[in-house]
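# Examination of the molecular architecture
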Amino acid sequence: MGLVLVGGTAFRVWQVARIDDYTTADAIVVLGAAQYSGTPSSVFEARLDQAYQLFEAGVAPRVITVGGKQEGDLYTEAASGKNYLQQRGVPADRVLAVETGSDTLRSVEAVALAMKARDMSSAVLVSDPWHSLRTRTMARDAGLHAWTAPTRTGPAVYTRESQAHGIARETFALLWYQLTHFSADFSYTAGQ
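Residues numbered from 1 in each chain as written. Predicted model: local features only at pLDDT ≥ 70, side-chain atom pairs only at ≥ 80, totals over all residues. Heavy atoms only, no water.

An unreviewed UniProt entry lists the protein under the name YdcF family protein, with Nocardia xishanensis given as the organism.

## Structural notes on the overall build of the protein
Note the following rule: Numbered from the N terminus, helices here are DSSP runs of H or I no shorter than four residues, and strands are runs of E no shorter than two. For the exposure calls, accessible area comes from a 1.4 Å probe over protein chains only, and a residue counts as buried if that area is under 20% of its type's maximum, exposed if over 50%, partly exposed in between. Two residues form a contact once any of their heavy atoms are found within 4.5 Å. What sets the accessible areas is the Shrake-Rupley method with a 1.4 Å probe; for residues, cover comes only from the shown protein chains. His is not counted, nor are the chain ends, whereas Lys and Arg count as positive and Asp and Glu as negative. By convention, the point assigned to a charge is CZ for Arg, NZ for Lys, CD for Glu and CG for Asp.
What the protein contains, in helices and strands, is seven helices and seven strands. In the protein, the succession of helices and strands from N to C terminus is α-β-β-β-α-β-α-β-α-β-α-β-α-α. Across its three principal directions, the C-alpha atoms of the protein cover 50 × 35 × 30 Å. Counting every position in the protein, which comprises 192 residues, the buried fraction comes to 54%. For the protein, restricting intrachain contacts to residue pairs at least 6 apart in sequence, the fraction spanning at least 24 positions comes to 71%. Carbon and sulfur atoms make up 54% of the accessible area of the protein, which totals about 9200 Å². The average position of the 17 basic charges and that of the 19 acidic charges among the side chains of the protein differ by 4 Å.

## Thoughts on the pattern of salt bridges
The condition that has to hold: Any carboxyl oxygen of Asp or Glu within 4 Å of a side-chain nitrogen of Lys or Arg constitutes a salt bridge here.
Scanning all chains against the criterion turns up six salt bridges. Between arginine 152 and aspartate 20 there is a salt bridge whose closest N-O contact spans 3.0 Å. Taken together, the residues arginine 152 in the loop between strand E7 (145–148) and helix H6 (155–158) and aspartate 20 in the loop between helix H1 (2–17) and strand E1 (27–31) connect sequence positions 132 residues apart. The partly exposed category is assigned to arginine 152, whose relative accessible area is 38%. For the salt bridge of arginine 134 with glutamate 170, the shortest nitrogen-to-oxygen distance reads 2.7 Å. Placement of the pair is arginine 134 in helix H5 (residues 132–141) and glutamate 170 in helix H7 (residues 160–180), with a sequence separation of 36 residues.

## So, the nonpolar core
The criterion, for reference: The definition of a nonpolar core used throughout is a set of buried Ala, Val, Leu, Ile, Met, Phe, Trp, Tyr and Cys residues joined through side-chain atoms within 4.5 Å.
If you look at the biggest cluster of nonpolar residues, it comprises 23 residues, and the most contacted ones within it are Val29, Ile64, Val98, Val111 and Met115. No other element matches the seven residues that helix H4 (residues 104–117) contributes to this core. Non-local contacts of methionine 115, meaning those with residues more than four positions away in its chain, are made with Ala27, Val29, Ile64, Met120, Ser121, Ser122, Ala123 and Leu144.

## As for the packing of helix H2 (residues 42–56) against helix H3 (residues 77–88)
When two helices pack together, their arrangement is given by the angle between the helix axes and by the axis-to-axis distance. Applied cut-off: To obtain each axis, a line is fitted to C-alpha atoms, and for helices this fit is confined to the stretch in contact; angles are then taken between N-to-C directions over 0 to 180 degrees. Roughly parallel here means an angle under 35 degrees, roughly antiparallel means over 145, roughly perpendicular means 65 to 115, and every remaining angle is called oblique. For a crossing to be left-handed, the near helix must be turned anticlockwise from the far one by less than a right angle; the clockwise case is right-handed. Gly is put with the polar residues, along with every residue not named as nonpolar or charged; the nonpolar set is Ala, Val, Leu, Ile, Met, Phe, Trp, Tyr, Cys and Pro, and the charged set is Asp, Glu, Lys and Arg.
As a packed pair, H2 and H3 sit with axes 10 Å apart at the nearest point and diverge in direction by 50°. With respect to H3, the element H2 is oriented oblique. Relative to H3, the crossing made by H2 is right-handed. Taking contact as the criterion, the partners of Phe44, Glu45, Leu48, Asp49 and Tyr52 in H2 are, on H3, Glu77, Ser80, Gly81, Tyr84, Leu85 and Arg88. Here the residues of the contact of H2 with H3 sort into five nonpolar, two polar and four charged.

## What about the packing of aromatic side chains?
Going by this rule: Side-chain rings of Phe, Tyr and Trp, where Trp is taken by its six-membered ring, are said to pair if the distance between their centres is within 6.5 Å; with planes under 30 degrees apart they count as stacked, over 60 as edge-to-face, and otherwise as tilted. Think of it as a cone above the ring: NZ of Lys or CZ of Arg counts as a charge over the ring if it is within 6 Å of the ring centre and within 35 degrees of the ring normal.
One pass over the structure, following the stated rule, counts one aromatic pair. Positioned above the aromatic ring of tyrosine 52, the side-chain terminus of arginine 88 is 3.9 Å from the ring centre.

## Considering the sheet that holds E1
Note the following rule: Here the rule is simple: two strands pair whenever DSSP picks up at least two bridges between them.
The strand order E5-E4-E1-E6-E7 describes an open sheet built from five strands, whose pairing is parallel. If you trace the sheet from one side to the other, it starts and ends with strand E5 (95–98) and E7, each paired once. Adjacent strand axes in the sheet meet at a mean angle of 25° when their direction is disregarded. Pairing of strand E6 (residues 122–126) with E7, which is carried by four bridges, proceeds in the parallel orientation. Across the sheet, the residue bridging to serine 122 is histidine 145, located in E7. Against the sheet, H4 engages E1, strand E4 (63–66), E5 and E6, with an angle of about 155° to E1.

## Focus on the side chain of threonine 148
Inspection of the secondary structure puts threonine 148 in strand E7. Those residues within four positions of threonine 148 in sequence are excluded, and the remaining contacts are Val16, Ile19, Asp20, Asp21, Val124, Leu125, Ser132 and Arg136.

## Brief notes about the side chain of threonine 171
With respect to the helices and strands, threonine 171 occurs in helix H7. On the basis of relative accessibility, which here comes to 2%, the residue threonine 171 falls in the buried class. Once residues within four sequence positions are removed from consideration, threonine 171 is found in contact with Val6, Thr9, Ala10 and Val13.

This is how it looks when you write it as structure tokens:
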């Protein structure tokens, strides 16, 4: 039974990772990742580039970046992401930085609150492909109408090893979340 549960969850993680849903929404939500003194890591940059492409395609009128900062950081992930998007040409009034969240669950909950406060309810979520199912599940649990359009570039998708690591990581993180409704963000090593 346990093998069926783990195997079925891994298959769903893989299956949802392959979905690109460009349905229009109130906002494009970019999940944060590491940043270094305001410069996004390669993982974060890939996510931000995907959000930029979605914004340019008219998928949503607003981009929301999310993520707090580690002790000693000068910038939050959200501020770093907002600055990056503005440098790419997204108008400042079209990017909302939600500077809260040290893991996926806290970030998604903070975004849901910020969106509800602004009468927004639908979101296209941008993260790594393997992160899509868990992020979507959490966003829906937080009351958002959410679907995914993950990045197809960056360290999380470069090699079969990084893909297998991502699927395994997200399988167990999703199972943990579904059992406990607590965060299960484990350390991530694919080039962050």
